[in-house]
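So you can see what is in the structure, the chains are spelled out below.
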Amino acid sequence: MKERLDKILASQNIGSRKEAGLLIRRGAVTVNGAVVKQADSKADGDTDEICVNGAPLRYKRRLYLMMNKPAGVLSAARDSRMATVLDLLPETFRRRGLFPAGRLDKDTCGLLIITDDGAFAHRMLSPKSGIPKVYRARLDAPVTDEDVLAFEAGLVIGDLHCLPARLERLETDGAPWAQVTVYEGKFHQVKRMFACRGRKVEYLERIKIGNLALDTRLSPGETRELTEQERFAVFA
Ligand code: URA
């Protein structure tokens, strides 16, 4: 798709539209080897070879990132008072239009997808998609067989009617850990489900969305790009 050259550069974090325009007018930008000096000239980011100061632009129409969200940061695009997940992104991943696709509570850790693809996020989050999300939780007391059955039946918490969820006890040396799979994403859902069964969640981490598992090599706060295969795995 052909687009204005200044727009292409700005979308790839080469500065604002105005700054990109300046670079172009100064002759710093080539398209397929030829210097282009008009900011409004058209190029195709996918097929044209665009260079800025001699360095090839690694054009990506959309960005799909996996973050291992640490506790203590908001999963929001911006906040006037508190650090958000976007503040943790390294310079190479920063660009306009990024947002976290779905929220984790401030104190929840683990798998968070950050993208600038609204359609991807919408499909992932739509209740119609029914994409499973898997959480690991440490509780204040162990789960019982009755809890497992209650999760499976679909909890009713006030006016929140939960879809059937899968609750598994995790083998640990005594600590009450559990794994929960939910097929929706209501506000504080997992904590409210456990609270309804008289348990308190002391630690919560998301480890999977669809078939996409958190890359355990990512330290808390670290981010990497998703491969194409991983992007599809969200919906597999
Ligand atoms: N459920 C919760 O209670 N909190 C989260 O952050 C995610 C799911």
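Structure: above.
Here is a short report on the structure shown in this document. (Residues numbered from 1 in each chain as written. Predicted model: local features only at pLDDT ≥ 70, side-chain atom pairs only at ≥ 80, totals over all residues. Heavy atoms only, no water.)

Turning next to the overall build of the chain. Assigned secondary structure in the chain consists of six helices and 17 strands. Here the C-alpha atoms of the chain give a radius of gyration of 22 Å, more than 25% beyond the 18 Å that 2.2 N^0.38 yields for 236 residues. Principal-axis analysis of the C-alpha atoms places the extent of the chain at approximately 70 × 30 × 30 Å. In the chain, the proportion of contacts linking residues at least 24 apart, taken out of those at least 6 apart, comes to 63%. In the form shown here, the chain has an accessible surface area of approximately 12800 Å², with 51% of it arising from carbon and sulfur atoms. The positive charge centre, built from 39 side chains, and the negative charge centre, built from 32, are 6 Å apart in the chain. (Helix = DSSP H or I, 4+ residues; strand = E, 2+ residues; numbered from the N terminus. Rg over C-alpha atoms; globule rule 2.2 N^0.38 Å. Contact = heavy atoms within 4.5 Å. Areas by Shrake-Rupley, 256 points an atom, 1.4 Å probe, with all protein chains shown as cover. Lys, Arg positive; Asp, Glu negative; His and termini not counted. Charge placed at Lys NZ, Arg CZ, Asp CG, Glu CD.)

On to the layout of surface pockets, then. Roughly 480 Å³ of volume is contained in the largest pocket. Around the largest pocket, the lining comprises 24 residues; the ones closest to its centre are Arg-103, Leu-104, Asp-105, Lys-186 and His-188. Those elements that provide at least two residues to the lining of the largest pocket are strand S10 (133–139), helix H5 (189–196) and strand S15 (201–209). Here the lining of the largest pocket takes three residues from H5, the largest share from any one element. Looking at the lining of the largest pocket residue by residue, the classes come out as 10 nonpolar, six polar and eight charged. (1 Å grid on protein atoms, 1.4 Å probe; cavity = no way out; pocket = protein on both sides within 12 Å on 5 of 7 lines; lining within 4 Å. Points joined across faces, edges and corners; volume = space filled by probe spheres on them. Nonpolar A, V, L, I, M, F, W, Y, C, P; charged D, E, K, R; others polar.)

A separate point is the site of the ligand. In the vicinity of the ligand, the contacting residues are Leu-104, Asp-105, Thr-108, Tyr-135, His-188, Gln-189, Val-190, Lys-191 and Leu-204. Within the contact set of the ligand, an oxygen atom lies 3.0 Å away from a side-chain nitrogen or oxygen of Thr-108. Note that an oxygen atom of the ligand is positioned 3.5 Å from one of the backbone N or O atoms of Gln-189. Among the detected pockets, the ligand sits in the largest pocket. The leading source of residues in the shell around the ligand is H5, at three residues. The residue inventory of the shell around the ligand, partitioned by class, reads four nonpolar, three polar and two charged. In this structure, the shell around the ligand is formed jointly by two domains, domain 2 (64–126 + 212–233) and domain 3 (132–209), each of which donates at least three residues. (Near = heavy atom within 4 Å. Polar contact = N/O pair within 3.5 Å; in protein donor to acceptor, adjacent residues only side chain to side chain. Sits in = over half its atoms within 2 Å of the grid points. Domains from an automatic or database assignment.)

The four strands are arranged S3-S2-S5-S6 in an open sheet whose pairing can be described as antiparallel. Two strands lie at the open edges of the sheet, namely strand S3 (34–35) and strand S6 (55–56), each paired on one side alone. Two elements, strand S2 (residues 29–31) and S3, share two bridges in a ladder whose sense is antiparallel. In the sheet register, Thr-30 faces S3, and the bridge partner there is Val-35. (Pairing = 2+ DSSP bridges.)

This next bit is on the nonpolar core. With 33 residues, the main nonpolar core has Ile-114, Phe-151, Leu-167, Met-193 and Phe-194 as its most contacted residues. Taken together, the elements giving at least two residues each to this core come down to strand S7 (64–69), strand S9 (109–115), S10, helix H4 (145–153), strand S14 (177–182), H5 and S15. Shared between two domains, this core takes at least three residues from each, and those domains are domain 2 (64–126 + 212–233) and domain 3 (132–209). Excluding residues within four positions of it along the chain, Phe-151 makes contact with Leu-163, Pro-164, Ala-165, Leu-167, Val-180, Met-193, Phe-194 and Arg-197. (Core = buried A, V, L, I, M, F, W, Y, C linked by side-chain atoms within 4.5 Å. Buried < 20%, exposed > 50% of the residue type's maximum accessible area, 1.4 Å probe, protein only.)

Now for the packing of aromatic side chains. Counted by the stated rule, this structure contains four aromatic pairs. Judged by centre distance (5.2 Å) and plane angle (45°), the rings of Phe-151 and Phe-194 are tilted. Residue Phe-151 is located in helix H4, and its partner Phe-194 is located in helix H5; the two are separated by 43 residues in the primary sequence. A relative accessible area of 1% places Phe-151 in the buried class. Judged by its relative accessible area of 1%, Phe-194 falls in the buried class. Ring centres of Trp-177 and Tyr-203 lie 5.6 Å apart, and the angle between their planes is 65°; on these two criteria the pair is classed as edge-to-face. (Phe/Tyr/Trp six-rings, centres within 6.5 Å; stacked < 30°, edge-to-face > 60°.)

Turning our eyes to something else, we now look at helix H3 (residues 118–125). Of all the positions in H3, only Phe-120, Ala-121 and Met-124 are classed as buried. The arc that holds the buried residues of H3, viewed along the axis, is 95°, so those residues lie on one side. Exposed positions of H3 whose direction lies more than 90 degrees from the buried face are Ala-119 and His-122. Buried positions along H3 lie against S7, strand S8 (99–100), S9, S15 and helix H6 (228–233). (Arc of directions from axis to C-beta.)

All right, on to the environment of Lys-7 then. By secondary structure assignment, the location of Lys-7 is in helix H1 (residues 5–11). Through-space distance from the C-alpha of Lys-7 to that of Asp-107 is 37 Å; in sequence the pair is 100 residues apart.

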